[in-house]
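# Architecture at a glance
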Amino acid sequence: MKAAITATAKYLPDSVLSNRDLEKLLDTTDEWIVARTGITERRILRDPEKATSYMCGEVARQLLEKRGIEAGEIELIIVATMTPDMLFPSTACLTQSIIGAVNAWAFDLNAACSGFVFALNTAARFIESGAHKKIMVIGADKMSSVLDFSDRSTAILFGDGAGGVILEPAGEEGYGILDSRMYSDGTTGKEHLYMLAGGSRHPASHETIDNRMHFIRQDGRQVFKSAVISMADVAEEIMKRNSLQAENIAYLVPHQANQRIINATAERMGVDHTKVVSNVARYGNTTAGTIPICLAELDEQGKLHRGSNLILVSFGAGYTWGGIYMKWQ
Ligand code: ACO
């Protein structure tokens, strides 16, 4: 039996950081940011007491309520994040504690912007094998905690946010997650997108702080090129493997990094722009949060119908990238 999504939820902090706000902090303009990325504003979790697990907890509570189940029924929690509250315990364990999911085991998965797609694919295997019947998969990142607000090439791109789903056995054959393809390329990826300090290679020290090594660094142009090629390639591969034509696709749900990357992916697939989900203008890149936030918005808007074909595609640090084909049940 395939795995199907039975509930969706999202959490975005209330505080908005607009391009105009960034103009006051950085040598940038609203026009430049909109033209290069499509981003107008993003959300920031400002309360220093609140971290990624707070957003996961908000998503998890809504998921339980929407599905009408108790926390004790959840068997596994996977949190995809690259901004955990701390290195350990995992943010998944902290989320378990927040909602009281006492019967679940829980772990984090780090595949940066591909985290949710990797986690959803992993969770699907536990459902397909019959090991579990109710899994919570959350993608969440407090990107503001790793952004250098004096670096205009990265600070403009990201925001904070979380989204998640409950995954259960599909009620009927032919529905749910029907295909997936996942990839990594650590050789190229490690050169172009990373955060050097805070791990075992460069533990926190005066030097790492003085050298601003606890922030994201990237070669934006290289990342852009790889993202465009990889997301379009995997989307095309998923379509071919499943004999899908553009007109059979209800929605393409791409990782929300940059409107130009989203447009290039949709163009290669031949999918009409009305079927391409995009909220990057409002939230920026929330890393592991982007795809489940998109799913939750589609669901809230009543756009997901039985039999709708969805393709999810992502690309992120690692490099990591992947695609999932599902038929909504
Ligand atoms: N405001 C104004 N000017 C800027 C800014 C800014 N915020 N940032 C860079 N510039 C300047 C540069 O200094 C450069 O000036 P120069 O020509 O005098 O040297 C000029 O603008 C062009 O810079 P590029 O880096 O070539 O601009 P590009 O068109 O590539 O856009 C961007 C940069 C938006 C970062 C783009 O490369 C991008 O989106 N890359 C993908 C990065 C990404 O999404 N990373 C997230 C993680 S991976 C993922 O989620 C897919």
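To continue, consider the pairing of strand S1 (residues 3-11). Across the nine residues that make up S1, a large majority, eight, are buried. When S1 meets strand S7 (residues 160-169), the two strands line up antiparallel, connected through eight bridges. Bridge assignment links lysine 10 to a residue of S7, and that residue is glycine 163.

Below, the discussion takes up the sheet that holds strand S6 (residues 135-142). Overall, mixed pairing links the five strands, which are arranged S1-S7-S6-S4-S5 in an open sheet. Of all strands in the sheet, those with a lone pairing partner are S1 and strand S5 (105-109), marking the two edges. Between one strand and the next, the sheet's axes are offset by a mean angle of 20°, whatever the strand orientation. Helix H5 (residues 115-128) contacts S1, strand S4 (76-80), S5, S6 and S7 of the sheet and is inclined by roughly 170° relative to S6. Helix H12 (residues 290-300) rests against S1, S6 and S7 of the sheet, and its axis sits at about 95° to S1.

Here we take up the domain arrangement of the protein chain. Looking at the protein chain, the domain boundaries give domain 1 (3-169) and domain 2 (176-327). The C-alpha-based centres of domain 1 and domain 2 are spaced at 14 Å. Of the roughly 3,700 Å² buried between domain 1 and domain 2, counting both surfaces, carbon and sulfur atoms make up 62%. When the area that domain 1 buries against domain 2 is broken down by residue, the three leading residues are Lys10, Cys113 and Val117, summing to 16%. Linking domain 1 to domain 2 there are four salt bridges. One salt bridge connects aspartate 148 with arginine 217, and the closest N-O pair in it is separated by 3.2 Å. At the boundary of domain 1 and domain 2, one finds 21 residue pairs in polar contact (both at pLDDT 80 or more). If you list the elements that add at least two residues to the side of domain 1 that touches domain 2, you get S1, helix H2 (30-37), strand S3 (41-43), H5, S6, helix H6 (152-155) and S7. The leading source of residues in the side of domain 1 that touches domain 2 is H5, at eight residues. Its residues assigned to classes, the side of domain 1 that touches domain 2 shows 27 nonpolar, 15 polar and eleven charged.

For the rest of this paragraph, the subject is the nonpolar core. Counting 43 residues, the largest nonpolar core has Ile216, Met239, Leu252, Met269, Ile311, Val313 and Phe315 as the members making the most contacts within it. Mapped onto this core, the elements with two or more residues apiece are helix H9 (220-241), helix H10 (259-269), strand S12 (309-316) and strand S13 (320-327). Considering every element that reaches this core, the biggest residue donor is H9, with eight residues. Residue-level mapping places this core at the junction of two domains, with at least three residues from each of domain 1 (3-169) and domain 2 (176-327). When sequence neighbours within four positions are dropped, the list of residues in contact with methionine 269 reads Ala235, Met239, Ala246, Ile249, Leu252 and Ile311.

Now for the sheet that holds S12. One open sheet holds the four strands; their spatial order is S8-S13-S12-S11, and the pairing between them is mixed. A single partner strand is all that each edge strand has here, and the edge strands are strand S8 (176-184) and strand S11 (251-254). Averaged over neighbouring strand pairs, the angle between their axes works out to 10° when direction is ignored. As judged from the four bridges shared by S11 and S12, these two strands associate in the parallel manner. Looking across to S12, one finds that valine 253 is bridged to leucine 312. Lying on the sheet, H10 is in contact with S11 and S12; it crosses S11 at an angle near 145°.

A separate point is the pattern of salt bridges. As a working rule, side chains carrying opposite charge can pair if their charged atoms are close by. Per the counting criterion, the structure on display carries 20 salt bridges. Aspartate 151 is paired through a salt bridge with arginine 217; the nearest N and O atoms lie 3.6 Å apart. In this pair, aspartate 151 sits in the loop between S6 and H6 while arginine 217 sits in strand S10 (residues 217-218), placing the two residues 66 residues apart along the sequence. The class of aspartate 151 is buried, set by a relative accessible area of 17%. Accessibility expressed as a relative area gives 24% for arginine 217, which makes it partly exposed. Among the ionic contacts, a cluster of salt bridges with common partners joins Arg20, Glu23, Asp30 and Glu31.

Conventions we followed
Residues numbered from 1 in each chain as written. Predicted model: local features only at pLDDT ≥ 70, side-chain atom pairs only at ≥ 80, totals over all residues. Heavy atoms only, no water. Buried < 20%, exposed > 50% of the residue type's maximum accessible area, 1.4 Å probe, protein only. Helix = DSSP H or I, 4+ residues; strand = E, 2+ residues; numbered from the N terminus. Pairing = 2+ DSSP bridges. Axes fitted to C-alpha atoms, helices over the stretch in contact; angles between N-to-C directions. Contact = heavy atoms within 4.5 Å. Domains from an automatic or database assignment. Buried area = accessible area lost by both parts, 1.4 Å probe. Salt bridge = Lys/Arg side-chain N within 4 Å of Asp/Glu carboxyl O. Polar contact = N/O pair within 3.5 Å; in protein donor to acceptor, adjacent residues only side chain to side chain. Nonpolar A, V, L, I, M, F, W, Y, C, P; charged D, E, K, R; others polar. Core = buried A, V, L, I, M, F, W, Y, C linked by side-chain atoms within 4.5 Å.

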